[in-house]
Amino acid sequence: MIDLTITEALEKLKSREISATELTHAYLDRIEKYGADLNCYITTTPERALSDATASDARYAAGTALPLDGIPIAMKDLFATRNIRTTAASHMLENFVPQYESTVSQKFIDAGTVLLGKSNLDEFAMGTFSKTSYFGAPVNPWHIEQKLTAGGSSGGTTSAVASGLAIGGTGTDTGGSIRFPSAITGLVGMKPTYGLCSRWGCVAFASSLDTPGPIARTVDDAALLLAAMAGHDSKDSTSADAGFNAHTPILPILGDGKKLRIGIIKEFANVEISPDMKHLFESRISDLKSLGAEFIDISIPNILDALAAYYIIAPAEASSNLARYDGMRYGLRVDGTDLIDTYKKTRAAGFGTEVQRRMIIGTAVLSSESYEVYFMQAARVRRMIADSFNAAFEQCDLILCPASAGTALPLDSDLSPLEYYALDLFTVAMNLAGIPACSVPAGLAQNGLPLGIQVVGRRFDDMRVMQLAKHIEQFAGVDNRPTKIMGK
Ligand code: GLN
């Protein structure tokens, strides 16, 4: 049962071939068996899952089933869930139990899903390997004995979905945190247009970049999840007055003489990628050409400066967002000799090294001496990148680029902070521009590990992005059934 996609499971649930309770038990058993080794959940919610499943079965029996009724999912532990601990993988929020439900998790309740648990991530979503988690890193189920990273920051969800410890789940993408982990675990990760999914109740990292989105095994599944998550929310002033209609199965955008122009970013041509990535990227391009797609070179002149701009803007916003964790209202508190000393002790004990580093960088770039030379310059680069994408979309419909340079690295890789930051090279520009980007499996490298390609589109062209991603998925034909990946 674990190998079913969401689309397949829904059919079997509707025809009553399986029940939501059976499906949920299959996942809970597997969590029991492999959950500790994979470390993909910070908190599991088996009782809640079973009561959700019972309610789903009742709705199926009554003929009132909801769109995703009985589908067992993992919720990134960044989304506040009422009466369920929400940690952001930080010691600061280790014992925080929200009294409210985030909009995204509420929408999943309204769609009838079953909550299996809160998945692991980098602390406050800052990181690339999920290693900054206070709860230890999740493990990639591919070549499990090698202890590879499942990516970050949404690495708990990718570890869970690839290993069959959830059928799908949520991530958030501020600079690549849905796409990078999905790419290196053989999954589909969709970063929607900024504003398509509400950020309300999602622990803030960098508010102008944070984008909730789905992680699943197929493009169709990701679309079903996105349809449940998307929609305007009056509680988030940046939420767009747009929804996402799943139209699954996602319809072909190519073939039968259909025309499509796809752009390849010139500036990425000189960025070093693994020979496997190069080969798979070229193979998928020729596949798409065989269906009639036309490829052109486009230019995003400042795209290689996106990293520098991102690592100014994101820490700046983080330093402001994380100022609220002061030991006074909620979260950890370490008493000191006076108020200032309490602040210092609380924040020194509550935040890990990477989060502290970001807050120091963020505070520095916002200081009056640095504001103009760092923050405002970064904001200008951001504007230029967004304008260049707009200009490029005058020439082409969609853009293709790699999602990462290579396959998953070992969790114990000894990388410097700057080396980690450099891994985001292919992903951050889309966050700066607020445009949709989907990472889809491109094939397997020589070492047997998956690699991903990104499809990038105009703002609110999320559906077309996923349509092209589906063609790539079909050509790549990566077998990401959990029992195949895990060998059990
Ligand atoms: N790796 C990036 C960072 O550490 C992206 C994180 C994210 O998208 N949440 O900032």
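For the structure itself, consult the block above.
Analysis parameters
Residues numbered from 1 in each chain as written. Predicted model: local features only at pLDDT ≥ 70, side-chain atom pairs only at ≥ 80, totals over all residues. Heavy atoms only, no water. Helix = DSSP H or I, 4+ residues; strand = E, 2+ residues; numbered from the N terminus. Buried < 20%, exposed > 50% of the residue type's maximum accessible area, 1.4 Å probe, protein only. Contact = heavy atoms within 4.5 Å. Areas by Shrake-Rupley, 256 points an atom, 1.4 Å probe, with all protein chains shown as cover. Lys, Arg positive; Asp, Glu negative; His and termini not counted. Charge placed at Lys NZ, Arg CZ, Asp CG, Glu CD. Salt bridge = Lys/Arg side-chain N within 4 Å of Asp/Glu carboxyl O. Axes fitted to C-alpha atoms, helices over the stretch in contact; angles between N-to-C directions. Parallel < 35°, antiparallel > 145°, perpendicular 65-115°, else oblique. Left-handed = near helix turned anticlockwise from the far one by under 90°. Pairing = 2+ DSSP bridges. Right-handed = clockwise from strand over helix to strand, strands pointing away. Phe/Tyr/Trp six-rings, centres within 6.5 Å; stacked < 30°, edge-to-face > 60°. Lys NZ or Arg CZ within 6 Å of the ring centre and 35° of its normal.

Caption draft 1: Here's a closer look at the overall build of the chain. When helices and strands are counted, the chain shows 16 helices and 11 strands. Judged by the C-alpha coordinates and their principal axes, the chain covers about 70 × 55 × 45 Å. With 488 residues in all, the chain has 62% of them scored as buried. Across the chain, the fraction of contacts at a sequence separation of at least 24, relative to all contacts at a separation of at least 6, is 77%. Surface summary for the chain: the accessible area is close to 18,000 Å², and the carbon and sulfur share equals 52%. Put simply, the chain has 44 plus and 54 minus side-chain charges, and the middle of one group is 2 Å from the middle of the other.

Caption draft 2: Layout of the pattern of salt bridges. What the rule picks out here adds up to 21 salt bridges. Linking Arg 284 and Asp 287 is a salt bridge whose minimum nitrogen-to-oxygen distance equals 2.8 Å. Placement of the pair is Arg 284 and Asp 287 together in helix α8 (residues 275-290), with a separation of three residues, close to one helical turn. Taken as a pair, Arg 284 and Asp 287 share a single burial class, namely buried. Taking the shortest distance from any N to any O, the salt bridge between Asp 461 and Arg 458 comes out at 4.0 Å. Each of Asp 397, Arg 458, Asp 461 and Arg 464 takes part in one network of salt bridges that share partners.

Caption draft 3: Summary view of the packing of α8 against helix α15 (residues 462-476). Viewed as axis vectors pointing N to C, α8 and α15 meet at an angle of 110°, and their least axial separation amounts to 10 Å. By the angle between their axes, α8 is roughly perpendicular relative to α15. Seen from above, α8 lies across α15 with right-handed handedness. Where α8 abuts α15, its residues Arg 284, Asp 287, Leu 288 and Ser 290 lie against Leu 468, His 471, Ile 472, Phe 475 and Ala 476.

Caption draft 4: Representation of the pairing of strand β7 (residues 260-265) within the structure. A large share of β7 lies buried, amounting to five of its six residues. In this sheet, strand β8 (residues 293-298) lies alongside β7 in parallel orientation, the contact comprising six bridges. Looking at the pairing, Ile 262 lines up with Phe 295 of β8. A crossover connection joins β7 to the parallel β8 through α8; in handedness this β-α-β unit is right-handed. Judged from the three bridges that link them, β7 and strand β9 (residues 398-402) form a sheet pairing that is parallel. Residue pairing across strands places Gly 263 opposite Ile 399, the latter belonging to β9.

Caption draft 5: View of the packing of aromatic side chains. Counted under the stated rule, the structure contains 13 aromatic pairs. Seen from their ring centres, Tyr 100 and Trp 200 are 5.6 Å apart, and the 55° between their planes marks the pair as tilted. You can see Tyr 100 sitting in the loop between β2 (72-76) and α4 (103-110) and its partner Trp 200 sitting in the loop between β5 (188-191) and β6 (212-216), a full 100 residues away along the chain. Judged by relative accessible area, Tyr 100 falls into the partly exposed class, the value being 36%. An angle of 20° between the planes, with centres 5.4 Å apart, marks the rings of Tyr 371 and Phe 375 as stacked. Taken together, the positions of Tyr 371 and Phe 375, both in helix α12 (residues 371-395) and four residues apart, correspond to about one turn of that helix. Looking at Phe 375, the relative accessible area reads 16%, which means it is buried. Residue placement shows Lys 235 over the ring face of Trp 200; its charged tip is 4.0 Å from the ring centre.

Caption draft 6: Inspection of the sheet that holds β2 at higher detail. On the basis of which strands lie adjacent, the open sheet formed by 11 strands has the order β1-β3-β2-β4-β6-β5-β10-β11-β9-β7-β8 and mixed pairing. The sheet is open, and its two edges are formed by β1 (41-44) and β8, each paired on a single side. Strand-to-strand, the axes of this sheet are offset by a mean angle of 30°, without reference to chain direction. The sheet contact formed by β5 and strand β10 (residues 437-444) spans three bridges and is antiparallel. Bridge pairing in β10 links Met 190 to Cys 438. Each of β2, β4 (168-172), β5, β6 and β10 is contacted by helix α7 (residues 219-229), which is oriented at about 150° to β6, the strand it contacts most. Each of β5, β7, β9, β10 and β11 (450-456) is contacted by α15, which is oriented at about 5° to β10, the strand it contacts most.

Caption draft 7: Representation of the environment of Leu 50 in the model. With respect to the helices and strands, Leu 50 occurs in helix α3 (residues 46-62). Residue class for Leu 50 comes out partly exposed when judged on its relative accessible area of 27%. For the pair Leu 50 and Leu 115, spaced 65 residues apart in the sequence, the C-alpha separation amounts to 8.8 Å. Here Leu 50 is in contact with Thr 24, His 25 and Leu 28, once residues within four sequence places are set aside.

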